[in-house]
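# A structural walkthrough
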Amino acid sequence: MFGLINDVEEDAYFSLGPERDIRESRARYCRCVYETSDPDKRLDEFVAAMEVDVSDSYSENEYNEDYPMMQDVIDARPGEMEDMESFLPAWKKVLTAKGTKCRPAVLLLETVNRLEGISGVSRLAKKWKNTQPQGYLFWLNILKNESDQEGIVGVCTEALKALKEGRLRERVAEFMIDVAEELDDAKHLLLGKQERFFSYMSDQNLIDLVSEATKQNARDKELDAVIKFFKARKSLDEEKDLYVKTLLMSGKLSATVSMVKNEKSVGWSYGSSAGVVFGSVLSALAGHSEKAGAIKTLLKSYANSVSVYSERFSIDEETSASFYDEIVKGLKQKKNIKSEAHESLSWAEKIGKKRIDHIVSNKYRRAYERAAQVLGCLAEVYMAIGEKSKAARILRKYYSEKYNRFSTFRREVKAVVMDSDLLKNSGFLK
């Protein structure tokens, strides 16, 4: 039956439903095998029943929670398992021979903890280091169960130095964050959030770090550290969006324009940083005015869009910051930001007009709202910098002349104008 379940899981999504605990079922089966096997064959049959060599299909170092630990087998039914004192050393020997593959490694950690205590676990963790990060995580879980907060801080500090970036290192950082919050330890709380981002670069991890750094008056210092971290990387793929957001939060507007100046006018919602930079340039020129509703809406949309999901089950509830707020804060803190933005206005005009023409001329009806929003942004920025005639001219060009027969697009443009305090009473669309 378990073999059949495995075969189905390999080829299709399959779930037994919440009323069935497959891990518990496997544990009961393994307990039966242990207790009904011939003592001379027990070890081999138990190893087979425990499916020691199974691995997680997504990550070789992730423990598959559908498979039981020895403690699950012990808890599967009342009564003690006979001959455990003689069985465990033999079980340990088999697991040791399997090397550092995840499931046998975690089972070995459990067994060593039973036989040698936490000193044996720490010995394996220090030996394996990044070869099998589960060693440090198992060690930390023991310390957590023992409420050894100082011990957790020490082990986390050691583990963060020994492990390479990735999901398991991220979990180590979260151990440090949790215990630092309990101890009201601001230093290790900030360090933990920094290392969590360095372990796994996601939007949520970055904004959590910036939020904490702001609380501790270390915003500029932490942003500089993140920028330095990005610069040290050999390449940036999907992380480029996070780098651009970091630069904008630091007020480095021209640097972001240089990064996106060759990007296309389309695909802004799918892994392009052009949208958030376009919005930032116009927002800076408009003095981040609340009256420039189209600019604010566009910038907020692209700034707060997620490029790399955290996949964490729980998000810090106290984090109220947003990338939009932090970008505006960073740009406001920069001296002469308006003159810097003015130097990039020609780029914004060029890419904005290309975006409008591409969407409308190709009759991408679902994107008409976005094209109208870009048009409204350009009109707003002209109004904000005192070029009212230019604002009227660009609206007239696209609304009344070039696309005067595109009724759906015209309707979207009118909606954008009516929602803008800078444009709604201008009479430009008459």
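Summary of the structure given here. Given the structure is predicted, the values throughout are model-derived calculations rather than measurements.

### Re the packing of aromatic side chains
For the structure shown, the criterion picks out 16 aromatic pairs. Between the aromatic rings of Tyr136 and Trp139, the centroid separation amounts to 6.1 Å while the plane-to-plane angle is 15 degrees, which identifies the pairing as stacked. On the criterion of helical spacing, the pair formed by Tyr136 and Trp139 is a turn pair, its members being three residues apart in helix α8 (residues 134–145). Each member of the pair, Tyr136 as well as Trp139, carries the same accessibility label: buried. Over the aromatic face of Tyr34 sits the side chain of Arg42, whose NZ or CZ is 4.4 Å from the ring centroid. Its end group placed over the ring of Tyr200, Arg167 keeps NZ or CZ at 3.6 Å from the ring centre.

### Re the packing of helix α20 (residues 345–361) against helix α22 (residues 388–402)
In a pair of packed helices, the angle between the axes and the distance between the axes together describe the arrangement. Across the interface, α20 lies against α22 with an axial gap of 13 Å and an inter-helix angle of 20 degrees. By the angle between their directions, the pair α20 and α22 is classed as roughly parallel. The hand of the α20/α22 crossing is right-handed. Two secondary-structure elements touch here, α20 through Glu349, Lys353, Ile356 and Asp357 and α22 through Lys390, Ile394, Tyr398 and Lys402. Grouping the constituent residues of the contact of α20 with α22 by class yields three nonpolar, no polar and five charged.

### Looking at helix α10 (residues 167–183)
When the terminal C-alpha atoms of α10 are compared, their 25 Å separation across 17 residues agrees well with the 24 Å that a helix rising 1.5 Å per residue should span. Considering only its buried residues, α10 is in contact with α8, α9 (149–162), α11 (186–199) and α12 (203–215). One or two steps after α10, the chain reaches Asp184, where phi turns positive at roughly 55 degrees.

### Considering unusual backbone geometry
Residue Asp83 is not a glycine yet carries a positive backbone phi of 60 degrees. The topology assignment puts Asp83 in the loop between α4 (70–74) and α5 (84–97). Despite not being glycine, His288 shows a phi value in the positive range, around 55 degrees. Position of His288 among the secondary structure elements: in the loop between α16 (274–285) and α17 (293–304).

### Overview of the environment of Gln132
Summarising the element assignment, Gln132 is placed in the loop between α7 (118–128) and α8. Apart from residues lying up to four places away in sequence, Gln132 is in contact with Asn61, Thr100, Lys101, Cys102 and Ala105.

### Quick look at the side chain of Glu349
Along the chain, the position of Glu349 falls in helix α20. On the basis of relative accessible area, Glu349 is assigned to the buried category, the value being 13%. When neighbours within four sequence positions are excluded, Glu349 is seen to be in contact with Leu378, Tyr382 and Lys390.

### Some words on the environment of Met84
Of note, Met84 is situated in helix α5. With relative accessibility at 13%, the residue Met84 sits in the buried group. Note: C-alpha distance between Met84 and Ala292 (208 residues apart in sequence) is 73 Å. Discounting chain neighbours no more than four positions away, the residues touching Met84 are Tyr34, Met70, Ile74 and Pro89.

### Some thoughts on a negative patch on the surface
Taken together, Asp38, Asp40, Asp44 and Glu45 make up a surface patch of like negative charges. Within the secondary structure, Glu45 is located in helix α3 (residues 42–49). Classification of Glu45 as partly exposed rests on a relative accessible area of 35%.

### Digging into the side chain of Ser322
Assignment of secondary structure puts Ser322 in the loop between α17 and α18 (323–333). Of note is the side chain of Ser322, whose polar atom sits 3.0 Å from the side chain of Asp325. In this view, Ser322 contacts Ile207 and Asn304; residues no more than four positions away in its chain are not counted.

### Concerning the pattern of salt bridges
Per the counting criterion, the structure on display carries 31 salt bridges. When the shortest N-O distance is used, the salt bridge between Glu263 and Lys240 registers 2.8 Å. Of this pair, Glu263 sits in the loop between α15 (253–260) and α16 while Lys240 is found in helix α14 (residues 240–249), placing the two residues 23 residues apart along the sequence. A salt bridge links Glu326 to Lys329; the nearest nitrogen and oxygen atoms lie 3.5 Å apart. Here the residue Glu326 and the residue Lys329 both occupy positions in helix α18, the gap between them amounting to three residues, near one helical turn.

Parameters and conventions
Residues numbered from 1 in each chain as written. Predicted model: local features only at pLDDT ≥ 70, side-chain atom pairs only at ≥ 80, totals over all residues. Heavy atoms only, no water. Phe/Tyr/Trp six-rings, centres within 6.5 Å; stacked < 30°, edge-to-face > 60°. Helix = DSSP H or I, 4+ residues; strand = E, 2+ residues; numbered from the N terminus. Buried < 20%, exposed > 50% of the residue type's maximum accessible area, 1.4 Å probe, protein only. Lys NZ or Arg CZ within 6 Å of the ring centre and 35° of its normal. Axes fitted to C-alpha atoms, helices over the stretch in contact; angles between N-to-C directions. Parallel < 35°, antiparallel > 145°, perpendicular 65-115°, else oblique. Left-handed = near helix turned anticlockwise from the far one by under 90°. Contact = heavy atoms within 4.5 Å. Nonpolar A, V, L, I, M, F, W, Y, C, P; charged D, E, K, R; others polar. Expected span 1.5 Å × (residues − 1). Patch = residues over 30% accessible without salt bridge, like charges linked within 9 Å, V, L, I, M, F, W, Y side chains within 5 Å. Areas by Shrake-Rupley, 256 points an atom, 1.4 Å probe, with all protein chains shown as cover. Salt bridge = Lys/Arg side-chain N within 4 Å of Asp/Glu carboxyl O. Lys, Arg positive; Asp, Glu negative; His and termini not counted. Charge placed at Lys NZ, Arg CZ, Asp CG, Glu CD. Polar contact = N/O pair within 3.5 Å; in protein donor to acceptor, adjacent residues only side chain to side chain.

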